[in-house]
Amino acid sequence: MSQAQMDIKSGLAAQRAKRKTQATRDNALRIGAIVAFLLVWYLIAIRTNPILLPTPLAVAESLWQMVVSGQIFGAFLTSFEDLFGGLILAGVLGIGIGILMGRYPTIEKILDPFVAFANATPMVAMVPIVIIWFGIGYPARVFFVLILAVWSILVNTLAGIKNVNRGMMEVGLSFGLSEAQIVRSISMPAAIPYILAGVRVGLGKAIVGMIIGEMDIALAGLGGLAATYGDAFRTNYLLAVVFSATVFGVIFVALLNLVQTKWYPWIAGVAGRQVSE
Amino acid sequence: MLEVRNVSKVFEKDGKDFVALQSVNLTIKDGEFMCLVGPSGCGKTTMLKLIDGLVPKTNGTIVLDGKEVNGIPSEMSFVFQDINLLPWRSVQRNVEIGLEVRGVPKAERERRARQALAMVGMEADYRSAPYQLSGGMQQRVGVARAIAVEPKVLLMDEPFGHLDAFTREILQIEILKLWMQLKTTVIFVTHDVDEAILLSQRIALFQAKPGRLVEVVDVDLPQPRWEYDVRAHPRAIELHNYIAARLNAKEAD
Ligand SMILES: Nc1ncnc2c1ncn2[C@@H]1O[C@H](COP(=O)(O)OP(=O)(O)OP(=O)(O)O)[C@@H](O)[C@H]1O
Ligand SMILES: [Mg+2]
């Protein structure tokens, strides 16, 4: 092996080792932060009335109780159905209408005031009217999740479609792509980073919609459990339910990240965040 | 034969009418290599986009082989100055885009894309993502994408403008060889007079304010041009001086 090759090899090893220590350090930081948070919580909680703030141990204990009794699973499933149904509808409508508005200026001009208005409306206050329209069953809760989540998805999709680089559009036009082909082969993929960002924001809002719907439309799912325990001042159970709902967010975000890295590796390739890489 | 008949383009710029091109008349023979040269803003890019139908004409007609061109002609393809490869497609899939539109079946598409990539020396990188390529490599893919559809007319807008002198020279020779092999008509925009003399059979000189065609110069230099040092050829020096004087003189008045 030549000197140059050996130099490259050791350089590569150093480069990889550096990336590895970086990853280890990041993980250590993350775990450290969580441990510190739990510790602070614990230290405050042992000096506080447990109705105001139970210890993390008490919350874990309550969660375990609900797992053993099976109570949490039914609630989980109901909540999942609410969230999933609403989110799928919000995705289809938000992305679909966003694309139409982005491609057809007339449609945009007509719908734009409505979207701006809806986006600024506190949809949470719509609970009574949702009940009047849809009753108190599953459709009402799904609709509620929908009207909370759809706007950020729509607005982001629209921004993505409108911001497609003019040069790429010219490539499409020059090669004779039809309107449908331009949407499918250029506008849509180019807007994917925006759409994913919109779905992320929409997800957060959908979870809020899910919980509020389950508390205020009819007691159901995790929201229903939280309301029941809250009314009974069983704060340890209440917090256990709330953190269970967090799991949804974590799972969906992980899913989105997976989709992005597996299906759209070019997003990271084009982005300038890790310039040193 | 491609005829540009009395074509003008007026843009609306800052609320005023701006004459980007004024009554251009130009005839380009089949298989000819023509360069468009002129100062920045004289309408070279606009001329190419008018020919390709990417920018609507204010008036005049463009005629290809006796037929008036309306809309975007499928016989022409464009090599853009800033290439704009689609970042979510591999190199090969980028080259396939024009073939997809023309309904070429998948296997045939792949074969022709690979063939086009081989012509520009990029066959080894067909699976790469565009962001993994150097500027010169992207430029080659841009050329491959345009020739894959086997166009009658190849429109090239300063394709080597961003490249270093060394890569540029290599690609200039490659484009010459490609042109001799494919026998396509090439309309090539550049602001580099030496590049125009090296490549073309005729040079169309443009001037700005208003953008217009001022003269067409014959480049009567022997072919193939890569077999001798064109820049040192006495006739090339003469042409260079003449064109430079023409462009400067007009700029002065
Ligand atoms: N879409 C547009 N709207 C308004 N004005 C435009 C538009 N496109 C081009 N122009 C104007 O037309 C003129 C010619 O532009 P063009 O891009 O054709 O120049 P060019 O000769 O290619 O210049 P360069 O060598 O710098 O690329 C410029 O003054 C430009 O400002
Ligand atoms: Mg230009």
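Everything below is about the structure printed above this text.
These numbers were taken from a predicted model, which means no experiment stands behind them.

**Digging into the overall build of chain B**
- Within chain B one finds 7 helices and 10 strands.
- A compact globule built from 253 residues would reach a C-alpha radius of gyration of about 18 Å, and chain B, at 18 Å, matches this within 12%.
- Taken along the three principal axes of its C-alpha coordinates, chain B extends 55 × 45 × 35 Å.
- Across the 253 residues in chain B, those meeting the buried criterion constitute 51%.
- Restricting to contacts in chain B with at least 6 residues of sequence separation, those with at least 24 account for 67%.
- When the accessible surface of chain B is split by element, carbon and sulfur atoms take 49% of a total near 11,200 Å².

**So, the packing of aromatic side chains**
- Tallied over the entire structure, the rule returns 14 aromatic pairs over all chains.
- Their ring planes at 25° and their centres at 4.7 Å tell us that Phe-76 of chain A and Phe-248 of chain A sit as a pair that is stacked. Of this pair, Phe-76 of chain A sits in helix H3 (residues 71-103) while Phe-248 of chain A sits in helix H10 (residues 235-263); the two residues are 172 residues apart in sequence, bridging distant segments of the chain.
- Residue classification places Phe-76 of chain A among the partly exposed positions, given a relative accessible area of 25%.
- Taken together, the aromatic side chains of Phe-76, Phe-80, Phe-84, Phe-248 and Phe-252 of chain A make up a single cluster linked through ring pairs.
- Directly above the aromatic system of Phe-18 of chain B lies the positively charged group of Lys-13 of chain B, at a separation of 3.9 Å from the ring centroid.
- The ring of Tyr-126 of chain B carries Arg-114 of chain B above its face, with NZ or CZ at 3.7 Å from the centroid.

**Details of the sheet that holds strand E10 (residues 212-218) of chain B**
All names here are of chain B.
- If you walk across this open sheet you meet the 6 strands as E6-E7-E8-E3-E9-E10, and the pairing is mixed. Pairing within the sheet leaves two strands with one partner each, and these edge strands are strand E6 (76-79) and E10. Mean inter-strand twist for the sheet, computed between neighbouring axes without regard to direction, equals 20°.
- Of the pairings in the sheet, the one linking strand E7 (residues 153-157) to strand E8 (residues 185-190) comprises 5 bridges and is parallel in character. If you follow Val-153 over to E8, its bridge partner there is Thr-185.

Conventions adopted
Residues numbered from 1 in each chain as written. Chains lettered and ligands numbered in written order. Predicted model: local features only at pLDDT ≥ 70, side-chain atom pairs only at ≥ 80, totals over all residues. Heavy atoms only, no water. Helix = DSSP H or I, 4+ residues; strand = E, 2+ residues; numbered from the N terminus. Rg over C-alpha atoms; globule rule 2.2 N^0.38 Å. Buried < 20%, exposed > 50% of the residue type's maximum accessible area, 1.4 Å probe, protein only. Contact = heavy atoms within 4.5 Å. Areas by Shrake-Rupley, 256 points an atom, 1.4 Å probe, with all protein chains shown as cover. Phe/Tyr/Trp six-rings, centres within 6.5 Å; stacked < 30°, edge-to-face > 60°. Lys NZ or Arg CZ within 6 Å of the ring centre and 35° of its normal. Pairing = 2+ DSSP bridges. Axes fitted to C-alpha atoms, helices over the stretch in contact; angles between N-to-C directions.

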